[in-house]
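# Results of the structural survey
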Amino acid sequence: MTIIGETSQGAAACLAVEGEMTIYRAAELHPVLLDAVRTIDAPALDLSQVTEFDCAGMQLLLVARREARRLGKALALRDASPAVCDAFAMLGMTAEGEPA
């Protein structure tokens, strides 16, 4: 995971997740996502380079969204990959990861 487009004040940033967003990387991604949500004023996730997305990836996304809401923030999704879009479609969700 890399941070791209962070402003000099750290007010907004887009985190790009590359590769798998699966059970195999959940332990690695979980603290990074939560830290970003907690420290960035307007966090966003770029999922365009996610090659695999499973239920653990969905759980990570939902945990990050819940934490953002708890802090009075919104976690934006940008550019979901085909793997992410397929998972969202199977779950009846929009391309933004919201219930359809």
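Below you will find a few notes about this structure. (Residues numbered from 1 in each chain as written. Predicted model: local features only at pLDDT ≥ 70, side-chain atom pairs only at ≥ 80, totals over all residues. Heavy atoms only, no water.)

Here the focus is the overall build of the chain. Each helix and strand counted, the chain has 3 helices and 4 strands in total. Reading the helices (α) and strands (β) of the chain from amino to carboxyl end gives β-β-α-β-α-β-α. Across the 100 residues in the chain, those meeting the buried criterion constitute 41%. Here the contacts in the chain between residues at least 6 apart in sequence split such that 70% fall between residues at least 24 apart. Here the chain has roughly 5,500 Å² of accessible surface; of this, 55% comes from carbon and sulfur atoms. (Helix = DSSP H or I, 4+ residues; strand = E, 2+ residues; numbered from the N terminus. Buried < 20%, exposed > 50% of the residue type's maximum accessible area, 1.4 Å probe, protein only. Contact = heavy atoms within 4.5 Å. Areas by Shrake-Rupley, 256 points an atom, 1.4 Å probe, with all protein chains shown as cover.)

Below, the discussion takes up the nonpolar core. The biggest cluster of nonpolar side chains holds 26 residues, and the ones touching the most others in it are M21, L45, L47, F53 and F88. When contributions to this core are tallied by element, the ones reaching two or more residues are β2 (12–21), α1 (26–39), β3 (42–53), α2 (55–70) and α3 (82–90). Top element by residues in this core is α2. It accounts for 6 residues. In this structure, M21 is in contact with L29, L33, L47, V50, E52, F53, D54, G57, L60 and L61, ignoring residues within four places of it in sequence. (Core = buried A, V, L, I, M, F, W, Y, C linked by side-chain atoms within 4.5 Å.)

By the bridge criterion, 3 bridges tie β3 to strand β4 (residues 76–78) in an arrangement that is parallel. Looking at β4, one finds that L45 is bridged to L77. Viewed along the sheet, the connection from β3 through α2 into β4 turns out right-handed. (Pairing = 2+ DSSP bridges. Right-handed = clockwise from strand over helix to strand, strands pointing away.)

Right, let's talk about α3 for a bit. Residues V84, A87 and F88 constitute the buried set of α3. Taken end-on, α3 shows its buried residues confined to a sector of 100°, consistent with a single buried face. Facing away from the buried side of α3 by more than 90 degrees, the exposed set consists of P82, A89 and M90. (Arc of directions from axis to C-beta.)

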